[in-house]
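The lines below spell out each chain.
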Amino acid sequence: MNVYGLIGNPVEHSLSPPLHEAGYEALGIDARYVTFEPDAEAAAAAVSGAADLGVAGLNVTVPFKRDVLDAVDAAPLAERIGAVNTVDFGPLRDGDADRPRGYNTDAAGVKRAFARHDVALDGREAVVVGAGGAGRAAAFALADAGASVTVTNRTAERAVSLAEAVPGATGGGLDDLGERVAEADVLVNATSVGMEAPDETPVPAAHLHGDLAVLDAVYAPIETRLLREAADAGATTIDGAWMLLFQGVEAFEIWTGREAPVDAMNAALRAELE
């Protein structure tokens, strides 16, 4: 039996176990997915300990995504984003590497969520609201897919700093968000606005329009005010569960080398969110 898992703090309410175990069951893979909650300063020790225990792969969530970089051989995209959320111990176990391989599948989660909804990104104008971890993954994912990216953030300096790292991107504050969204084809909310206070939205309804495709990284609630108002404006809407699903799907495929049973994993995830 292979053991996969998640390190983070906290991880008590993680949706990753049912998501991944639905995939193992659908494909008849003898595996389990468990959670680990190391101390805040113990990211590297947790990765080393997992390797010693024979764990086959780890997902990584807050607050460890940046700390884990020093404990793995990071893939180029993970290096560029500056965060690892998936660790594969296979190369280490097989003697092909001195350290486990680290990936960032959040970016794939963004691209695959748009692809699932038949939204093309190449040549499109994209606005990302938020310059934190999700914003970084979204900005790199969109730029790598050929979109022209604008990063906006409450603290303009953070948006500018992120934009400087993303090819062709621009960054700034929220003062001209309405104008930017009005000219955009793609909008990503990469903030937590709409989660803590479900009646809040990062983008006023007046700025939304029918030519937009809107991805909200918030998945609880599954239908945010932003998505409701975007649908009312005629936009294509993509809830945050799709991004969560596909980052997990990407990790599943890295670990197992098999095509993930997306429908089974999606059904399990949405059952947890009902």
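Every value quoted in this text rests on a predicted model; they were computed, and no experiment measured them.

Visitor: Lay out the overall build of the protein in plain terms, naming residues and giving numbers.
Guide: On a plain count of helices and strands, the protein comes out with 11 helices and 12 strands. Relative to the compact-globule value of 19 Å for 274 residues, the protein shows a C-alpha radius of gyration of 18 Å, a close match. Overall size of the protein, expressed as C-alpha extent along the three principal axes, is 55 × 35 × 30 Å. Taking the contacts inside the protein whose residues are at least 6 apart along the sequence as the reference set, 66% of them involve residues at least 24 apart. Element-wise, carbon and sulfur atoms account for 45% of the exposed surface of the protein, whose accessible area totals about 12100 Å². Taken together, the 19 basic and 43 acidic charged side chains of the protein have centroids lying 2 Å from each other.

Visitor: Give me the lowdown on the packing of helix α1 (residues 16–27) against helix α11 (residues 262–273), citing residues and values where you can.
Guide: One way to put it is that α1 packs onto α11 with a least axis distance of 8 Å and a crossing angle of 145°. Considering how the two elements wind past one another, α1 and α11 form a crossing that is right-handed. Across the interface between the two elements, Pro 18, Leu 19, His 20, Ala 22, Gly 23 and Ala 26 of α1 pack against Ala 264, Met 265, Ala 268, Leu 269 and Glu 272 of α11. Across the contact of α1 with α11, the residue classes break down as 8 nonpolar, 2 polar and 1 charged.

Visitor: Describe the layout of surface pockets, with residues and values.
Guide: If you add up the space inside the largest pocket, you get close to 1200 Å³. Around the largest pocket, the lining comprises 40 residues; the ones closest to its centre are Thr 61, Val 62, Lys 65, Asp 106 and Tyr 219. Elements supplying a minimum of two residues to the lining of the largest pocket: β3 (57–60), α6 (133–144) and α10 (240–256). Of the residues in the lining of the largest pocket, the class split is 20 nonpolar, 14 polar and 6 charged. Size it by volume and the second largest pocket reaches roughly 340 Å³. Taken together, the residues that form the lining of the second largest pocket break down as 7 nonpolar, 6 polar and 2 charged.

Visitor: Go over unusual backbone geometry with me, naming the residues and quoting the values.
Guide: Cis geometry marks the peptide bond from Asn 9 to Pro 10; its omega dihedral reads 10°. Assignment of secondary structure puts Pro 10 in the loop between β1 (2–7) and α1. A cis geometry characterises the amide bond from Ala 220 onward to Pro 221, with omega recorded as 10°. With respect to the helices, strands and loops of the structure, Pro 221 is situated in the loop between β11 (213–216) and α9 (225–232). A positive phi angle is found at Asp 118, which is not glycine, with a value near 55°. Along the chain, Asp 118 turns up in the loop between α5 (106–116) and β7 (125–129).

Visitor: Tell me what's going on with the packing of aromatic side chains, and back it up with residues and numbers.
Guide: In the structure shown here, the tally under the stated rule is 5 aromatic pairs. Centroid distance Trp 242 to Phe 246: 6.2 Å. Interplanar angle 20°. Geometry classified as stacked. Residue Trp 242 and its partner Phe 246 are located together in helix α10, separated by 4 residues, close to a single helical turn. Both residues of the pair, Trp 242 and Phe 246, belong to the buried class. These aromatic residues form a ring-pair network of at least three members: Tyr 4, Tyr 24, Tyr 33, Phe 252 and Trp 255. The ring of Trp 242 is capped by Arg 270, whose NZ or CZ atom sits 4.6 Å from the centre of that ring.

Visitor: An account of the nonpolar core is needed here, citing residue identities and associated values.
Guide: Taken as a class, soluble globular proteins show a tendency for nonpolar side chains to be buried jointly. Core analysis: the biggest nonpolar cluster contains 57 residues, and Tyr 24, Phe 114, Leu 142, Val 149, Val 186, Val 188 and Leu 245 have the highest contact counts within it. Phe 114 has contacts with Val 119, Leu 121, Leu 142, Val 186, Val 188, Ala 213, Leu 215 and Ile 238, leaving out every residue within four places of it along the chain. Judged by nonpolar contacts, the second largest core, of 18 residues, contains Ile 7, Ala 46, Val 72 and Val 84.

Visitor: Residues and numbers for the sheet that holds β7, please.
Guide: The parallel open sheet is built from 6 strands, whose spatial order is β9-β8-β7-β10-β11-β12. Strands at the two margins of the open sheet, each flanked by one partner only, are β9 (170–172) and β12 (236–238). Each adjacent strand pair in this sheet contributes to an overall mean axis angle of 15°, direction not counted. Bridge analysis of β7 against strand β10 (residues 186–189) gives 4 bridges, and the strand direction is parallel. When the sheet's bridge partners are listed, Val 129 is paired in β10 with Asn 189.

Cut-offs used in this document
- Residues numbered from 1 in each chain as written.
- Predicted model: local features only at pLDDT ≥ 70, side-chain atom pairs only at ≥ 80, totals over all residues.
- Heavy atoms only, no water.
- Helix = DSSP H or I, 4+ residues; strand = E, 2+ residues; numbered from the N terminus.
- Rg over C-alpha atoms; globule rule 2.2 N^0.38 Å.
- Contact = heavy atoms within 4.5 Å.
- Areas by Shrake-Rupley, 256 points an atom, 1.4 Å probe, with all protein chains shown as cover.
- Lys, Arg positive; Asp, Glu negative; His and termini not counted.
- Charge placed at Lys NZ, Arg CZ, Asp CG, Glu CD.
- Axes fitted to C-alpha atoms, helices over the stretch in contact; angles between N-to-C directions.
- Left-handed = near helix turned anticlockwise from the far one by under 90°.
- Nonpolar A, V, L, I, M, F, W, Y, C, P; charged D, E, K, R; others polar.
- 1 Å grid on protein atoms, 1.4 Å probe; cavity = no way out; pocket = protein on both sides within 12 Å on 5 of 7 lines; lining within 4 Å.
- Points joined across faces, edges and corners; volume = space filled by probe spheres on them.
- Phe/Tyr/Trp six-rings, centres within 6.5 Å; stacked < 30°, edge-to-face > 60°.
- Buried < 20%, exposed > 50% of the residue type's maximum accessible area, 1.4 Å probe, protein only.
- Lys NZ or Arg CZ within 6 Å of the ring centre and 35° of its normal.
- Core = buried A, V, L, I, M, F, W, Y, C linked by side-chain atoms within 4.5 Å.
- Pairing = 2+ DSSP bridges.

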